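Structure at a glance
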Amino acid sequence: MIDDVEIFLGSDPKNSGDVITLFLEYTVFYLVDTNNDGGFDVLYNPQSNSKIEVLNQGDKTLLDADNDGVWDYTYIKNKGAVRYKEIP
Ligand SMILES: [Ca+2]
Ligand SMILES: [Ca+2]
């Protein structure tokens, strides 16, 4: 990810560990830990320049890729993103 975007999002450009690149809905997203506390904070869509809040649940992070208020994907640490399924 370009340093300018990292600075814009408030993450540390020298720390490459706090940004994950995801390919969702045919679009590139960046999952970013902006305050470097080990938990992700925003899902950034560089195409629409939108920052979407995420929800951390242990090793999982819930993602709302289209920003409609409904979770779409679950990012699992070291595994990647899968379609979000509500646990009954
Ligand atoms: Ca964080
Ligand atoms: Ca959604």
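Our subject is the structure listed above.
Residues numbered from 1 in each chain as written. Chains lettered and ligands numbered in written order. Predicted model: local features only at pLDDT ≥ 70, side-chain atom pairs only at ≥ 80, totals over all residues.

Quick notes on unusual backbone geometry
In this model, E25 sits at a positive phi of 50°, which is unusual for a non-glycine residue. Mapping E25 onto the fold places it in the loop between β1 (19-24) and β2 (27-32). According to the C-beta neighbour criterion, E25 is exposed, with 11 such atoms within 10 Å. (Helix = DSSP H or I, 4+ residues; strand = E, 2+ residues; numbered from the N terminus. Buried ≥ 20, exposed ≤ 12 C-beta atoms within 10 Å, placed from the backbone.)

A short note on the sheet that holds β2
With antiparallel pairing, four strands are arranged side by side in an open sheet as β1-β2-β3-β4. The sheet is open, and its two edges are formed by β1 and β4 (50-53), each paired on a single side. Strand-to-strand twist of the sheet, defined as the mean angle between neighbouring strand axes without regard to direction, takes the value 30°. Relative to β2, β1 runs antiparallel, the two being bridged by six bridges. Within β2, the residue paired with V19 across the bridge is V32. (Pairing = 2+ DSSP bridges. Axes fitted to C-alpha atoms, helices over the stretch in contact; angles between N-to-C directions.)

A word on the pairing of β4
One ladder, built from four bridges, connects strand β3 (residues 42-45) with β4; its direction is antiparallel. Note that in β4 the partner of Y44 across the bridge is K51. If you look at the hairpin formed by β3 and β4, you'll find four residues sitting between the two strands, and N49 has a positive phi there, around 55°.

Concerning the environment of T61
Along the chain, the position of T61 falls in strand β6 (residues 60-63). With 22 C-beta atoms counted inside 10 Å, the residue T61 sits in the buried group. Each C-alpha atom, one on T61 and one on A81, is 8.9 Å from the other, the two residues being 20 residues apart in sequence. For T61, the contacting residues outside a window of four places in its chain are L31, F40, V54, L55, N56 and Y75. (Contact = placed C-beta atoms within 7 Å.)

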